[in-house]
Amino acid sequence: MPIDAAKAVAAEPRSAEIRWDHKDVQLYHLGLGAGTPATDPDELRYTLESRLHVLPSFATVAGAGMGVVGGLSAPGVEVNLAAVLHGGQSITLHRPIPVAGRAVTTSRVAAVHDKGKAAVLVLRSETADDDGPLWTSDAQIFVRGEGGWGGDRGPSERLETPAREPDRTVERPVREDQALLYRLSGDWNPLHADPEFAKLAGFDRPILHGLCSYGMTLKAVVDTLLGGDVARVRSYRTRFAGVVFPGETLRIRMWAGDGRVQVTVTAVERDDAPVLADTLVEHS
């Protein structure tokens, strides 16, 4: 079996030093569509080094870390990249991410779940610098065709959509070249750039990175409901419910509560097809 669940979970954690600076942060923000309009003071917080703050979802690409593709090289894991999809992502922030930094990230396979027709790998990374913990990140990786060995199915958390109209709804266009720009932050999966590879994976053209729509959504929440203050974000999680194609438009619906914002994201051009579900931002 390509995935040896016991071996993967028992493997020693791997640690690596990561570094980033303002250029990495700016490139990441631009890959999310920041900078429109280019002279908007609110957008300059994402693009101009003298005013820069760091969107917490930058944690998913900082220093290129273990990453989704890197995690697939863990002991006990041997899979076909064309069968891999990012199923979900969560981040817990221990304090704001600095504009430039050097840290150590320790990564491991925290769990392997058997979903029957697929396996789900939970890749956990804990990152700290000299001042202490910065963030903890969990990526849920869906591997088609690798389930069925009788293992634990794992949790199935679902958020019920509030029975009222959203407090805010915004739309965010995805540029035709956005996946090509976003992948420069470290996710080189050809699924997001190579039409022939995308066809092997069952898509008629390359799809947008799930983590790009994840970052775009957090930016929309911060800008719309958190006064543009990235430091207010405490945690952020989502389930990737469907794909996005470059050139489409994200419709982001938000329900504000006590210290939390619940979100759904859909693709406008495909009759509000689900993109992100069970999405929650917890904040101060």
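Check the entry above for the structure.
Residues numbered from 1 in each chain as written. Predicted model: local features only at pLDDT ≥ 70, side-chain atom pairs only at ≥ 80, totals over all residues. Heavy atoms only, no water.

Draft legend 1. Fine view of the sheet that holds strand 6 (residues 168–173). Reading across from one edge, 1-3-4-5-2-7-10-9-8-6 is the order of the ten strands in this open sheet, with antiparallel pairing throughout. The open sheet terminates on both sides in strands that have one partner only, identified here as strand 1 (14–20) and strand 6. Strand-to-strand twist in this sheet, taken as the mean axis angle between neighbours without regard to direction, amounts to 20°. In terms of strand pairing, strand 2 (residues 84–93) meets strand 7 (residues 233–240) through five bridges, oriented antiparallel. Across the sheet, residue Ile-91 finds its bridge partner in strand 7, namely Tyr-236. Packing against the sheet, helix 7 (residues 210–225) makes contact with strand 2, strand 6, strand 7, strand 8 (249–257), strand 9 (260–267) and strand 10 (273–283), and its axis sits at approximately 135° to strand 7. (Pairing = 2+ DSSP bridges. Helix = DSSP H or I, 4+ residues; strand = E, 2+ residues; numbered from the N terminus. Axes fitted to C-alpha atoms, helices over the stretch in contact; angles between N-to-C directions. Contact = heavy atoms within 4.5 Å.)

Draft legend 2. Seen up close, the pairing of strand 2. The sheet contact formed by strand 2 and strand 5 (residues 132–144) spans nine bridges and is antiparallel. Paired with Gly-88 across the strands is Gln-140, a residue of strand 5.

Draft legend 3. Representation of the nonpolar core. Trp-20, Phe-58, Ile-97, Trp-135, Val-222, Leu-250 and Ile-252 are the most contacted members of the largest nonpolar core, which has 49 residues in total. It is helix 7 that provides the largest number of residues to this core, a total of eight residues. Aside from chain neighbours lying at most four places away, what touches Ile-97 is Trp-20, Val-54, Pro-56, Phe-58, Ala-59 and Trp-135. Core analysis: the second largest hydrophobic core is formed by 14 residues, Ile-3, Val-84, Leu-121 and Ala-139 among them. (Core = buried A, V, L, I, M, F, W, Y, C linked by side-chain atoms within 4.5 Å. Buried < 20%, exposed > 50% of the residue type's maximum accessible area, 1.4 Å probe, protein only.)

Draft legend 4. Broad picture of the side chain of Gln-178. Here Gln-178 lies in helix 5 (residues 178–182). Reaching out from Gln-178, the side chain makes a polar contact with the backbone oxygen of Leu-32 at a distance of 3.4 Å. Excluding anything up to four places from it in sequence, Gln-178 contacts Gly-31, Leu-32, Gly-33, Pro-173, Leu-208, Cys-212 and Met-216. (Polar contact = N/O pair within 3.5 Å; in protein donor to acceptor, adjacent residues only side chain to side chain.)

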